[in-house]
Amino acid sequence: MSTPRIEVHLSKIRHNAKTVVERLKTRGIGVTGVTKAVCGHPAIAQAMLDGGAVGLAEARLSNVRRLRNAGMTCPITLIRTPTLSQVDQVIQYCEASYNTEILVITALAAAAIRKDCIHGIILMVEMGDLREGIMPKDLGSVAQQVVDMPGVTLKGIGANFACLGGIAPNAADMEALSDLANETEGQCGPFLHTVSGGNSANLPWALGGHPACRINDLRLGEAILLGVDPVSGDQIGGMYTDAFTLVAEVIETGSKPASHPQSICDPVFKRLHLVPKSGQSTQIILAVGQQDTDILGLSMPPGYRLIGATSDHLVVGTYHSTQSVGSEMKFQMNYSALMNAMSAPDVKTKLLRGSHSRHAHVSQGSGNHLASI
Ligand SMILES: *Cc1c(COP(=O)(O)O)cnc(C)c1O
């Protein structure tokens, strides 16, 4: 079978989605499955829907097109502010989009009128991540302009946390977003259908005991795909962390001097030496590299350590190797490694449709992740 490849256990993704959907349902929070890390892969998106996600969200229109071309008819929301050059396609492929710029909303409205439809607008509010978002003080006036604009409808508001800033939201943030929803309704009239609290980083809050207030949607990618909390890197109870595996092929094995002082100038790499640098170790070269994935986001199998990587070669060391040229090695990936591998042209995707074991388990402790990006 061709390598490098990603093996995808669809039933584990379905299980993860179902687990989080059921836990959040009791709190009145629906799950929107985010497919950007898997480039809008239709079968993986379908596994999220089969697990109970109410719709999908994507950052890129190219991925949305891939989903639609595969025949997916569920609601798809664009979660990155549309580019002005793509407004016509946004109207064609997406029910709604997250927005922060009135100029873009005006263009979306004009495109919607040309197509004789109504496009949903969710206004993204800045609540501390300092990436995208309207400042809370300006929300009322932008919302009013959307309400007054033909071609679009104000569907809701949302916020995003822990993407640029890396800080998870707390109960006070969620109360503040809920208050903004109430205030916006008070000011502009229409009921806000969606109040989207954030992404996978919101799960510690959402699964905790705090009141959900007005929050009725979370946009979840990493938690469903990898079963981990993106901020801590910890497994989420009852979720699979091994739905995805990167398989690479050995192209050279041999004894090399154990120490490579000249090759390890990057301080991050220095910390990655997991076994003592003494004695003879076997050096194994695999046909995968930085061009295929984020090497620092791979978990080394037990007994192996990362020596280094270049664009096309991954070099690992071990003291007790059973690997030979042509054999395959498997690696778990963090989000960054997964995202890069899924979009790399030489990495194939192999879907495994069989059922999984009954109980979710920690496949490789998160401590084995060499870097959390
Ligand atoms: C990527 C993204 C998400 C999903 O993030 P995860 O950490 O994968 O759950 C949600 N909302 C926005 C705006 C995003 O950009």
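In this text the structure is predicted, and so the values were computed from the model without any measurement.

K.L.:
Help me understand the overall build of the protein in this model?
P.N.:
Across its full length, the protein holds eleven helices and 16 strands. Classification of the 373 residues of the protein by burial places 53% in the buried group. A separation threshold of at least 6 residues defines the contact pool for the protein, and within that pool the share at least 24 residues apart is 68%. Summed over all atoms, the accessible surface of the protein reaches about 15,800 Å², with 53% contributed by carbon and sulfur.

K.L.:
Quick question: what am I supposed to make of the site of the ligand here?
P.N.:
Around the ligand lies a shell of 14 residues, among which Lys36, Ser200, Arg219, Gly221 and Glu222 are the nearest. A distance of 2.7 Å separates an oxygen atom of the ligand from a polar atom in the side chain of Lys36. At 2.9 Å, a side-chain N or O of Arg219 approaches a nitrogen atom of the ligand. Relative to its unbound accessible area of 390 Å², the ligand is 94% covered by the protein chains. In terms of residue class, the shell around the ligand is made up of five nonpolar, four polar and five charged.

K.L.:
What's the story with the pairing of strand β6 (residues 119-125) in this structure? I'm lost.
P.N.:
Along a regular strand, successive side chains alternate from one face of the sheet to the other. Counting buried positions over the seven residues of β6 gives seven, a clear majority of the element. Neither face of β6 is left uncovered, since the one carrying His119, Ile121, Leu123 and Val125 and the one carrying Gly120, Ile122 and Met124 both have all their residues buried. For the crossover that starts at strand β5 (residues 96-99), traverses helix α5 (residues 102-114) and ends in the parallel β6, the hand is right-handed. Pairing geometry for β6 and strand β7 (residues 152-159), over seven bridges, is parallel. Paired with Ile122 across the two strands is Gly156, which belongs to β7. In this region the chain leaves β6, passes through helix α6 (residues 136-147) and returns to the parallel neighbour β7; the handedness of that crossover is right-handed.

K.L.:
Help me understand α5, please; the structure alone is not making it clear to me.
P.N.:
Quick reminder: α-helices carry 3.6 residues per turn. Residues three or four places apart thus point the same way. The end-to-end C-alpha distance of α5 is 18 Å, a good match for the 18 Å that 13 residues give at a rise of 1.5 Å each. The complete set of buried residues in α5 reads Val104, Ile105, Ala107, Leu108, Ala109, Ala111 and Ala112. On its buried face, α5 is in contact with α4 (87-93), β5, β6, α6 and β7. Phi for Asp116, located one or two positions after α5, is positive at around 60°.

K.L.:
Looking at this structure, I do not really get the pattern of salt bridges. What am I missing?
P.N.:
A side chain with one charge can pair with a side chain of the opposite charge if their charged atoms come near. Taken as a whole and assessed by the stated rule, the structure comprises ten salt bridges. Salt-bridge contacts for Asp88 lead to Arg114; the nearest nitrogen and oxygen are separated by 3.0 Å. Here Asp88, found in helix α4, pairs with Arg114, found in helix α5; they are 26 residues apart in sequence, far enough to count as distant. On the basis of relative accessible area, Asp88 is assigned to the partly exposed category, the value being 33%. Accessibility expressed as a relative area gives 55% for Arg114, which makes it exposed. Its salt-bridge partner being Arg131, residue Glu132 comes within 2.6 Å of it at the nearest N-O pair. For Arg131, a relative accessible area of 42% puts it in the partly exposed group.

K.L.:
Could you clarify how one ought to interpret the packing of α6 against helix α7 (residues 171-188) in this entry?
P.N.:
Pairs of packed helices are described in terms of their axes, by the angle between the two and the distance that separates them. With their axes 10 Å apart at the nearest point, α6 and α7 run at an angle of 45° to one another. What the angle tells us is that α6 and α7 run oblique. Between α6 and α7 lies a crossing of right-handed hand. Between α6 and α7, the residues in contact are Pro136, Leu139, Gly140, Ala143, Gln144 and Val147 and Leu180, Thr184, Gln187 and Cys188, respectively. Per-class residue counts for the contact of α6 with α7 are six nonpolar, four polar and no charged.

K.L.:
I would appreciate a short explanation of unusual backbone geometry in the present structure.
P.N.:
Leave glycine aside and you will find that most residues have negative phi; peptide bonds, for their part, are mostly trans. Each neighbour pair has its own omega, and for Thr3 with Pro4 the value is -10°, a cis peptide bond. Among the structural elements, Pro4 can be located in the segment before β1 (5-9). Located in the positive-phi region is Leu130, a residue other than glycine, with phi close to 60°. If you trace the backbone, Leu130 turns up in the loop between β6 and α6. Judged by relative accessible area, which is 64%, Leu130 ranks as exposed.

K.L.:
Just to check I follow, could you spell out the environment of Tyr319 for this structure?
P.N.:
Within the secondary structure layout, Tyr319 lies in the loop between β14 (314-318) and β15 (328-333). For Tyr319 and Arg305, which are 14 residues apart along the polypeptide, the C-alpha to C-alpha distance reads 9.7 Å.

K.L.:
Even after reading the chapter, I still don't get the environment of Ala344, so can you show me in this structure?
P.N.:
Along the polypeptide, Ala344 turns up in the loop between α11 (335-343) and β16 (348-352). In this structure Ala344 comes out as buried when scored by relative accessible area, which is 7%. Once the C-alpha coordinates of Ala344 and Thr293 are considered, the two residues, 51 residues apart in sequence, prove to be 7.3 Å apart. Contact partners of Ala344, with chain neighbours within four places excluded, come to Gln291 and Asp292.

K.L.:
Please explain α11 as it appears in this structure.
P.N.:
Along α11, the residues that are buried comprise Ser336, Ala337, Leu338, Ala341 and Met342. Put simply, Asn334 is the residue that caps the front of α11, since its side-chain oxygen is 3.1 Å from the backbone nitrogen of Ser336.

K.L.:
Honestly, the nonpolar core in this entry has me stumped. Any pointers?
P.N.:
The nonpolar side chains of a soluble globular protein tend to be buried, and buried together. Counting 104 residues, the largest nonpolar core has Leu123, Ile157, Phe244 and Leu286 as the members making the most contacts within it. Ignoring any residue separated from it by four or fewer positions in sequence, one finds Leu123 in contact with Asn99, Ile105, Ile134, Leu139, Val142, Ala143, Val146, Leu154, Gly156, Ile157 and Gly158. Judged by nonpolar contacts, the second largest core, of seven residues, contains Val34, Ile79, Ile122 and Met124.

The rules behind each value
Residues numbered from 1 in each chain as written. Predicted model: local features only at pLDDT ≥ 70, side-chain atom pairs only at ≥ 80, totals over all residues. Heavy atoms only, no water. Helix = DSSP H or I, 4+ residues; strand = E, 2+ residues; numbered from the N terminus. Buried < 20%, exposed > 50% of the residue type's maximum accessible area, 1.4 Å probe, protein only. Contact = heavy atoms within 4.5 Å. Areas by Shrake-Rupley, 256 points an atom, 1.4 Å probe, with all protein chains shown as cover. Near = heavy atom within 4 Å. Polar contact = N/O pair within 3.5 Å; in protein donor to acceptor, adjacent residues only side chain to side chain. Nonpolar A, V, L, I, M, F, W, Y, C, P; charged D, E, K, R; others polar. Right-handed = clockwise from strand over helix to strand, strands pointing away. Pairing = 2+ DSSP bridges. Expected span 1.5 Å × (residues − 1). Salt bridge = Lys/Arg side-chain N within 4 Å of Asp/Glu carboxyl O. Axes fitted to C-alpha atoms, helices over the stretch in contact; angles between N-to-C directions. Parallel < 35°, antiparallel > 145°, perpendicular 65-115°, else oblique. Left-handed = near helix turned anticlockwise from the far one by under 90°. Core = buried A, V, L, I, M, F, W, Y, C linked by side-chain atoms within 4.5 Å.

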